[in-house]
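# Overview (structure and organization)
Letter by letter, the chains look like this.
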Amino acid sequence: MTTIGSATPLLRAVLAPLTDLGRADAVARRITEAIALGLVADGDQLPSENDLADQLGVANGTVREALALLREADLIETRRGRNGGSFVRTPAEGSEHLRVDRLRETATVDLRDLGDEELAVFGTAARLAAERAPADLGPRLTRLVHELRDAAGPAEQCRADARFHIELAVAAQSVRLTQLAVRLQAELGPLLWLPAPYGPDQKRFAEQHREILVAVLAGDAAAARAAAETHAVACVHHLVRGHLELADDG
């Protein structure tokens, strides 16, 4: 069992200090996004209220209220006693049918709007990453390309895909881009990586990630942006096709 307090740089980026007045719903949203993206696992223990407050730059009372919201949503449980604390409860695989229903009910125009935002954010992140990427980016992104290629099911596919997108935004060294990437992946990922026959072509998407990686590591900002935009377009096209097929079947 691990804790959010022992976070990787990627998770620390997700839980960066809040800039929206430290509202409880903003704290809850940050932790929910980390859970939805698979950055924390079922059973992981959250840090203490004091530690979370320090990490997020908010008051203890705000964290306490946020944890209550998460308990109401069944995303954490709080245990008493010597080994007590707040522990993550990831949604069960049985929730897949709810995500299929959500894709069916999301309007085409809304999916395209999400795709437009992803096009702008991911394309810009890839361009800036090619210009600013740290020396150790290659091994990290290569591992994520392999993880997506070899992922065994929707949950693993979603986690590997989301981590690649967010890691690229982190490499762009832009806090705002990273926050946008996190929010977009938390919204798009669960709709994209559905069980067969609704999920995208896993190998094709992994290959698109590899093409982005090659351009970024070569320092070719224009090629990195073009490859990222091609991938973003493929994502939204798949979502729209899936929505239309589900609507016809419904």
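Everything here concerns the structure above.
Residues numbered from 1 in each chain as written. Predicted model: local features only at pLDDT ≥ 70, side-chain atom pairs only at ≥ 80, totals over all residues. Heavy atoms only, no water.

Before going further, it helps to examine the nonpolar core. Judged by nonpolar contacts, the single largest core of 30 residues is most densely connected at L103, F205 and L239. Elements supplying a minimum of two residues to this core: α5 (96-105), α6 (108-132), α8 (154-171), α9 (175-192), α10 (202-217) and α11 (221-249). Formed by 20 residues, the second largest nonpolar core is a distinct cluster that contains A28, L39, L52 and V63. (Core = buried A, V, L, I, M, F, W, Y, C linked by side-chain atoms within 4.5 Å. Buried < 20%, exposed > 50% of the residue type's maximum accessible area, 1.4 Å probe, protein only. Helix = DSSP H or I, 4+ residues; strand = E, 2+ residues; numbered from the N terminus.)

The next thing to look at is helix α7 (residues 137-150). Think of an α-helix as 3.6 residues a turn; residues three or four steps apart then line up on the same face. Between its first and last C-alpha atoms α7 spans 20 Å; for 14 residues at 1.5 Å apiece the expected length is 20 Å, and the two agree. Taken together, the buried positions of α7 are occupied by L137, G138, L141, L144, V145 and L148. Axial view of α7: buried residues confined to an arc of 135°, hence all on one face. Facing away from the buried side of α7 by over 90 degrees, the exposed positions are P139 and D150. (Expected span 1.5 Å × (residues − 1). Arc of directions from axis to C-beta.)

Here we take up the environment of S48. Looking at where S48 falls in the secondary structure, it is placed in the loop between α2 (24-36) and α3 (49-56). Classification of S48 as partly exposed rests on a relative accessible area of 38%. In sequence terms S48 and N60 are twelve residues apart; their C-alpha atoms lie 9.8 Å from each other. A polar atom in the side chain of S48 sits 3.1 Å from the backbone nitrogen of D51. (Polar contact = N/O pair within 3.5 Å; in protein donor to acceptor, adjacent residues only side chain to side chain.)

All chains considered together, the criterion is met by 13 salt bridges. The residue R183 makes a salt bridge to E187 at a minimum N-O spacing of 3.9 Å. Of this pair, R183 and E187 are both found in helix α9, four residues apart, which corresponds to roughly one turn of the helix. Taking the relative accessible area as the measure of exposure, R183 reaches 29% and is therefore partly exposed. Overall, the relative accessible area of 28% leaves E187 in the partly exposed class. Here the salt bridges do not stand alone but share partners, grouping E117, R183 and E187 into one network. (Salt bridge = Lys/Arg side-chain N within 4 Å of Asp/Glu carboxyl O.)

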